[in-house]
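Observations on the three-dimensional arrangement
As a plain string of letters, each chain reads:
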Amino acid sequence: MLPFKLIYSDDYFLPIGSHVFPAEKYRMVHDRLLATAVAEPSDFVTPQLASDQDILLVHTPQYVQKLKTGTLSPSEEMQMEIPYSPELVRAFWLAAGGSILAAEHALKDRVAINIGGGFHHAFPDHGEGFCMIHDVAVAIRRMQRDDKIRTAMTVDCDVHHGNGTAAIFAGTRTPSDPLPSTSASTLGSTGGQPPAGKMRQAHAGEVFTISLHQHNNYPARKPHSSIDVDLPDGIGDDDYLAWLDNALSSGLRQFEPELICYIAGADPYREDQLGGLALTLEGLKRRDELVFRVARARNIPVMVTYAGGYARKVEDTVTIHCNTVVAAQEVFAWPKSS
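So, a few notes on the structure that sits alongside this text. In this text, all values refer to a predicted model and were calculated from it rather than measured experimentally.

1. Some thoughts on the overall build of the protein chain
Check the secondary structure of the protein chain and you find ten helices and nine strands. Classification of the 338 residues of the protein chain by burial places 60% in the buried group. Looking at the protein chain as shown, the accessible area adds up to about 13000 Å², and 50% of this sits on carbon and sulfur atoms.

2. Here's the deal with the packing of aromatic side chains
The final tally for this structure, using the stated rule, is eleven aromatic pairs. With a centroid separation of 6.0 Å and 75° between ring planes, the pair formed by Tyr12 and Tyr26 is classed as edge-to-face. In this pair, Tyr12 is assigned in the loop between strand S1 (5-7) and helix H1 (25-35) and Tyr26 in helix H1, connecting sequence segments 14 residues apart. Overall, the relative accessible area of 3% leaves Tyr26 in the buried class.

3. Regarding empty space enclosed by the protein
Within the structure shown, the criterion is met by three cavities of 30 Å³ or more. For the largest cavity, the calculated volume is near 90 Å³. Every residue lining the largest cavity is counted, 14 residues in all, and those nearest its centre are Gly129, Cys131, Ala307, Gly308 and Tyr310. In the lining of the largest cavity, the residues fall into six nonpolar, six polar and two charged. In terms of lining, the second largest cavity is formed by Tyr12, Leu14, Tyr26, Ala91, Ala95, Gly116, Gly117 and Phe119.

4. With respect to the nonpolar core
Within the largest apolar cluster, 114 residues are counted, with the highest numbers of intra-cluster contacts made by Leu6, Leu33, Val155, Phe292 and Val325. Looking at this core element by element, the count peaks at 13 residues for helix H5 (residues 86-109). Not counting the four nearest positions on each side in its chain, Leu33 is found in contact with Leu6, Val38, Ala39, Phe44, Ile115, Cys322 and Val325.

5. Quick word on helix H9 (residues 281-297)
When the terminal C-alpha atoms of H9 are compared, their 24 Å separation across 17 residues agrees well with the 24 Å that a helix rising 1.5 Å per residue should span. Of all 17 residues in H9, twelve are buried; the element is thus mostly enclosed. When we look at burial in H9, the residues that qualify are Gly283, Leu284, Lys285, Arg287, Asp288, Glu289, Leu290, Val291, Phe292, Val294, Ala295 and Arg296. Close packing links the buried residues of H9 with strand S3 (111-114), strand S4 (152-156), helix H8 (237-254), strand S8 (260-263), strand S9 (302-305) and helix H10 (314-332).

6. Focus: the environment of Phe169
Within the secondary structure, Phe169 sits in the loop between helix H7 (163-168) and strand S5 (198-201). Using a relative accessible area of 5% as the deciding quantity, one classes Phe169 as buried. Between the C-alpha atoms of Phe169 and His224, which are 55 residues apart in sequence, the distance is 9.9 Å.

7. Overview of the packing of H9 against H10
The geometry of H9 relative to H10 is characterised by a closest axis approach of 9 Å and an angle of 35° between their N-to-C directions. As H9 packs across H10, the resulting crossing turns out to be right-handed. Contacts from Leu281, Leu284, Lys285, Asp288, Glu289, Phe292, Arg293 and Arg296 of H9 reach H10 at Asp316, Thr319, Ile320, Asn323, Thr324, Val326, Ala327, Ala328, Glu330, Val331 and Phe332. Considering only residue class, the contact of H9 with H10 consists of nine nonpolar, three polar and seven charged.

8. What to know about the pattern of salt bridges
Per the stated rule, a full pass over the model turns up 15 salt bridges. Of the charged contacts in the structure, one is a salt bridge between Asp52 and Lys68, with a shortest N-O distance of 3.2 Å. Separated by 16 residues along the polypeptide, Asp52 in helix H2 (residues 52-55) and Lys68 in helix H3 (residues 61-69) bring together distant segments of the chain. A residue is classified by how much of its surface remains accessible, and Asp52, at 26% relative accessible area, is partly exposed. Salt bridges here are not isolated pairs; linked through shared partners, they connect Asp54, Arg142, Arg145 and Asp146.

What counts, and at which threshold
- Residues numbered from 1 in each chain as written.
- Predicted model: local features only at pLDDT ≥ 70, side-chain atom pairs only at ≥ 80, totals over all residues.
- Heavy atoms only, no water.
- Helix = DSSP H or I, 4+ residues; strand = E, 2+ residues; numbered from the N terminus.
- Buried < 20%, exposed > 50% of the residue type's maximum accessible area, 1.4 Å probe, protein only.
- Areas by Shrake-Rupley, 256 points an atom, 1.4 Å probe, with all protein chains shown as cover.
- Phe/Tyr/Trp six-rings, centres within 6.5 Å; stacked < 30°, edge-to-face > 60°.
- 1 Å grid on protein atoms, 1.4 Å probe; cavity = no way out; pocket = protein on both sides within 12 Å on 5 of 7 lines; lining within 4 Å.
- Points joined across faces, edges and corners; volume = space filled by probe spheres on them.
- Nonpolar A, V, L, I, M, F, W, Y, C, P; charged D, E, K, R; others polar.
- Core = buried A, V, L, I, M, F, W, Y, C linked by side-chain atoms within 4.5 Å.
- Contact = heavy atoms within 4.5 Å.
- Expected span 1.5 Å × (residues − 1).
- Axes fitted to C-alpha atoms, helices over the stretch in contact; angles between N-to-C directions.
- Left-handed = near helix turned anticlockwise from the far one by under 90°.
- Salt bridge = Lys/Arg side-chain N within 4 Å of Asp/Glu carboxyl O.

Here's what the structure looks like:
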């Protein structure tokens, strides 16, 4: 039995037909975790649909009404890049319910993983980039509304910039001092100065947003996160981890979150069809371990969502997502008192 819960439903499947987004990956991850004995049936918890009131904590009434009544314009549906259907709306409401449930379990168990979600390109009034609604933002706002947390931090390691996240939690930003070329590591030395790349930051508000992404990639317009790490094409494992460590240490010097929402995209993988970074399967697992070790060392609960992953072989995407569970198991299996 895992020391945390996995949130999953067979109804996470997105009914989008033939598409670069592998809608079958959620079921494949679930089945692989069971087949390899990483998880057992009792480790999984089935979510309920988020309520419309939950969705309205983030999204505008006009947009929610369009989704519920099927009245998106052709241009709005084109911007979303997935074909509208009432069944798709239900799947996204369910993903938001899963992220709410993952946040609740993370606050109890220190970590929880939604085998889905991470739809970070959705804005309050429209969808973009395969994302209809922003489940992570909904979960954060629900936890805040219920007085379970006041502050949260998003750590977005999808290869694509978290533009919806940045826009939703923008508030009023005041640029902070430039980061030094090297900084005190969250967990010790990273082995020197991070490679060519750019980190920019500004923050105000109760949600601190970090996005670590390929600069020359979707979306073209990247609203400012609290910390944006604009990575050059082709960056590999060690350099990526150095930048991630830098971003985490900088963010946690400035901000004290009561919950970390980790968006563990599989698409920084070197064989990803929509990415241009060069991380290996092992490097992506080390990425997950780093986030989990930082959260555990500081006693900050962490909830995980899966976001994108478009490997040429869908089995690789499934491996990356399963390794996130393995990494959490390895880090959080330590005695709580240690």
